[in-house]
Amino acid sequence: MDFSISALIKQNTPGNSEGFPAGVPPSYNWYQGWNDGGLWSPPKDFTAVEGWGQVYPKVGEAPYSNPGATVEVANAKTYVRIKHAGEWTLVQDQANTQLTGGHFVPDFVGNVAIPMKATPLAGATIAFDAPPAGYNNHFWYKARGTYPAGAVDAVYIQMEMRVTDPNLRLVAMVGADWWRDARAPYLDDHSNNPGVGGTNWIELSTQWKVIGFYSMSADDFFASPAPPLRGLARETPPASPPAPARSGENVIQEGPIQPAPLSGEQKHTGLNATGEQAPAQQASQQSINSGSHIILADPITTVHVMANDCILGFALTLGALVKVRRTRTAKLQTSKLDVKA
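A quick note: this is a predicted structure, and the numbers were derived from the prediction, not measured.

Caption draft 1: Examining the packing of aromatic side chains more closely. In this structure the tally under the stated criterion is 13 aromatic pairs. Measuring from ring centre to ring centre gives 6.1 Å for W88 and F221, while their planes differ by 65°; the resulting arrangement is edge-to-face. With a gap of 133 residues between them, W88 in strand β3 (residues 87-93) and F221 in helix α2 (residues 218-223) connect regions that are remote in the sequence. For W88, a relative accessible area of 8% corresponds to the buried category.

Caption draft 2: Inspection of the layout of surface pockets at higher detail. Space inside the largest pocket adds up to approximately 520 Å³. Together, 26 residues line the largest pocket, and P57, Y64, P131, P132 and A133 are the ones closest to its centre. When the residues that make up the lining of the largest pocket are grouped by side-chain class, the tally is 16 nonpolar, 6 polar and 4 charged. Each pocket or cavity is described by its volume, and for the second largest pocket that value is around 270 Å³. If you go around the second largest pocket, you meet 13 residues; those closest to its centre are F3, A7, Q11, E18 and V210. When residues of the lining of the second largest pocket are traced back to their parent elements, those giving at least two are α1 (5-11) and β14 (209-214). Take the lining of the second largest pocket: its biggest share by element is 3 residues, from α1. Broken down by class, the residue content of the lining of the second largest pocket amounts to 6 nonpolar, 3 polar and 4 charged.

What counts and how
- Residues numbered from 1 in each chain as written.
- Predicted model: local features only at pLDDT ≥ 70, side-chain atom pairs only at ≥ 80, totals over all residues.
- Heavy atoms only, no water.
- Phe/Tyr/Trp six-rings, centres within 6.5 Å; stacked < 30°, edge-to-face > 60°.
- Helix = DSSP H or I, 4+ residues; strand = E, 2+ residues; numbered from the N terminus.
- Buried < 20%, exposed > 50% of the residue type's maximum accessible area, 1.4 Å probe, protein only.
- 1 Å grid on protein atoms, 1.4 Å probe; cavity = no way out; pocket = protein on both sides within 12 Å on 5 of 7 lines; lining within 4 Å.
- Points joined across faces, edges and corners; volume = space filled by probe spheres on them.
- Nonpolar A, V, L, I, M, F, W, Y, C, P; charged D, E, K, R; others polar.

Right under this line is the structure:
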């Protein structure tokens with residue numbers, strides 16, 4: 001598969017997106033692609049990380065649907081760098097921990113989602129249904145990667161993706177979030193899950209494409225590449241802009257956001273006064289536990305809250321990143337966002 005450090009750095013340099021995600025407000029900082037509003041290094045007492053990916057229809061393309069089309073994701077790996085040694089260690093591997101996820105509304109407002117069919121394939125590969133009209137594909141590992149507190153200064157995540165129908169016009173992004181530990185619940189001040197960042201948008205095709213995100217400067221990554229890139233380190237590094245300054249702040253997203261349920265708890269609309277689900281809701285909504293996530297089982301029309309610390313944490317963390325970017329760039333709009341941005 002054709003991939004290089006130059007291609008990777010391009011994926012992590014502003015302005016190099018190959019398209020934009022349909023349905024996402026242009027005011028969201030990740031609409032344009034690569035963003036640097038998060039924490040490149042984890043807080044000193046954190047011990048977990050979660051790699052993720054998302055796929056959207058491409059802006060400007062005519063609507064297209066094929067019930068049999070899928071998005072295939074393979075060989076997803078997440079590495080963290082041990083700072084005292086400058087060495088990378090593998091903490092998430094699709095070969096051992098498969099991916100899961102759901103179809104979310106493009107802007108994540110209300111955290112509305114429907115189930116996403118996932119079919120394991122041979123090797124470290126999984127096939128997700130293509131995004132239906134009005135939704136995306138958002139996926140992550142079933143278990144967070146862990147590392148010793150205070151030992152890590154960067155993360156690298158890499159996934160391979162392709163579509164099975166050449167008529168699909170989709171763009172994809174990968175990124176990561178830090179987590180306090182492997183089982184920490186989502187908290188609405190983002191203290192348990194500050195975001196790291198994400199790549200530019202890469203257009204998918206029927207040929208495999210590698211998409212990777214690193215939380216360090218291009219020069220530093222070229223000098224100390226993660227294991228999948230080590231064989232390519234002899235090439236000449238491309239010119240790159242100076243690394244942006246990092247304040248390390250974790251800004252809380254304002255707005256009428258409801259706290260996510262704690263790990264292992266689930267919340268649906270239609271609950272009665274005793275906290276039990278109404279019969280009509282019980283007939284139409286089911287869920288199954290999958291690691292630290294709640295995955296919807298049978299197809300439903302909408303789910304207003306997918307009780308999942310990691311999903312809502314991801315969405316609200318990106319909402320916080322938007323606010324960080326707004327405080328740094330006067331050109332962005334100041335409209336209030338409810339969740340992920």
